Amino acid sequence: MNAAGVRHILDCIGEMFPDAHCELLHSNAFELTIAVLLSAQCTDATVNKVTVDLFQKYKTPEDYVSVPLEELEQDIRRIGLFRSKAKHIQKMCMILIEEYGGDIPSEHDKLVLLPGVGRKTANVVVSNAFGVPAIAVDTHVERVSKRLGLAGWNDTVLEVEKKLMKRIPKEEWTLTHHRLIFFGRYHCKAQNPQCQICPLLDVCREGKKRMKRSQVRKDREA
């Protein structure tokens, strides 16, 4: 895809979701890191329902390590994989206390070394908490990027990230990340994408196939 095609996509999703933003509720970098860690294989809406009470009870890394693991597990039990996530949180908090004075490091290479913090989580944290341009590839971003031809069907998550970083102006990385998420979460859904009213249907490989199949079914029924 050439630069003009990429610009067309960015402008369209920008018009559709001009105010796209991180929907995980948080008030600082530490809370954001906890929230993103909890969001793995879980919706932001569910995470927010849990953290509204969690962040009232636990304010600092010391708070998380001062309770038995079983108590923390119960506090986040509505979250998928809550047992392993509780372990990651306590281990991460111990490292923050011992190595970073209780603060979340702002460097990507240090963040990814924390338990439970992968590349996606680190990208979300550095971009939203520290203003460093980054593109975090979650399921929405991956799906949309492949459907629109911004990445290949067989590309890994890392390959998708690298292609997006190459094709999108650096100063637009973070905002585009949010807009791609909104586009995938509210419009180009996994099961029922709104292809028939999509302004990007002309450049969407998946959308064209879906519309063609839909027309074939209608013709058969007629």
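Residues numbered from 1 in each chain as written. Predicted model: local features only at pLDDT ≥ 70, side-chain atom pairs only at ≥ 80, totals over all residues. Heavy atoms only, no water.

Trainee: I tried to follow the nonpolar core on my own but got confused; where do I start?
Mentor: Proteins that are soluble and globular tend to have nonpolar side chains buried together. If you look at the biggest cluster of nonpolar residues, it comprises 37 residues, and the most contacted ones within it are Ile34, Leu54 and Tyr64. Going through the elements one at a time, α2 (29-38), α3 (44-57), α6 (82-100) and α8 (119-130) are the ones with two or more residues in this core. Here the element with the most residues in this core is α2; it accounts for 8 residues. Once residues within four sequence positions are removed from consideration, Leu54 is found in contact with Ile34, Leu38, Tyr64, Leu72, Asp75 and Ile76. Core analysis: the next-biggest nonpolar cluster, separate from the first, contains 26 residues, Ile135, Val141, Ile168 and Cys198 among them. (Core = buried A, V, L, I, M, F, W, Y, C linked by side-chain atoms within 4.5 Å. Buried < 20%, exposed > 50% of the residue type's maximum accessible area, 1.4 Å probe, protein only. Helix = DSSP H or I, 4+ residues; strand = E, 2+ residues; numbered from the N terminus. Contact = heavy atoms within 4.5 Å.)

Trainee: What am I meant to see in the packing of α2 against α8 here?
Mentor: Packed helix pairs are specified by the crossing angle of their axes together with the interaxial distance, meaning the distance between the axes. The geometry of α2 relative to α8 is characterised by a closest axis approach of 10 Å and an angle of 150° between their N-to-C directions. Taken together, α2 and α8 sit at an angle that is classed as roughly antiparallel. Along this stretch, α2 crosses α8, giving a crossing that reads as right-handed. Each of Ala29, Leu32, Thr33, Val36 and Leu37 in α2 lies in contact with α8, whose residues at this interface are Lys120, Thr121, Val124, Val125, Asn128, Ala129 and Phe130. Class assignment of the residues belonging to the contact of α2 with α8 gives a composition of 8 nonpolar, 3 polar and 1 charged. (Axes fitted to C-alpha atoms, helices over the stretch in contact; angles between N-to-C directions. Parallel < 35°, antiparallel > 145°, perpendicular 65-115°, else oblique. Left-handed = near helix turned anticlockwise from the far one by under 90°. Nonpolar A, V, L, I, M, F, W, Y, C, P; charged D, E, K, R; others polar.)

Trainee: What should I look at first to understand the environment of His21 in this one?
Mentor: Of note, His21 is situated in the loop between α1 (3-16) and α2. Reaching out from His21, the side chain makes a polar contact with the backbone oxygen of Asp19 at a distance of 2.9 Å. (Polar contact = N/O pair within 3.5 Å; in protein donor to acceptor, adjacent residues only side chain to side chain.)

Trainee: Would you mind going over the packing of aromatic side chains with me for this structure?
Mentor: Each aromatic ring pair is specified by the distance between its two centres and by the angle formed by the two planes. Inspection of every chain in the model, using the stated rule, returns 4 aromatic pairs. Considering the side-chain rings of Tyr58 and Tyr64, the 4.5 Å spacing of their centres and the 15° angle between planes classify their relative orientation as stacked. With respect to burial, Tyr58 and Tyr64 carry one shared label: buried. Aromatic pair Phe182 and Tyr186: ring centres 5.3 Å apart, planes at 70°, arrangement edge-to-face. Within this pair, Phe182 and its partner Tyr186 are both found in helix α11 (residues 173-186), separated by 4 residues, close to a single helical turn. By the ring-pair criterion, three or more aromatic residues cluster together here, those being Phe17, Phe182 and Tyr186. (Phe/Tyr/Trp six-rings, centres within 6.5 Å; stacked < 30°, edge-to-face > 60°.)

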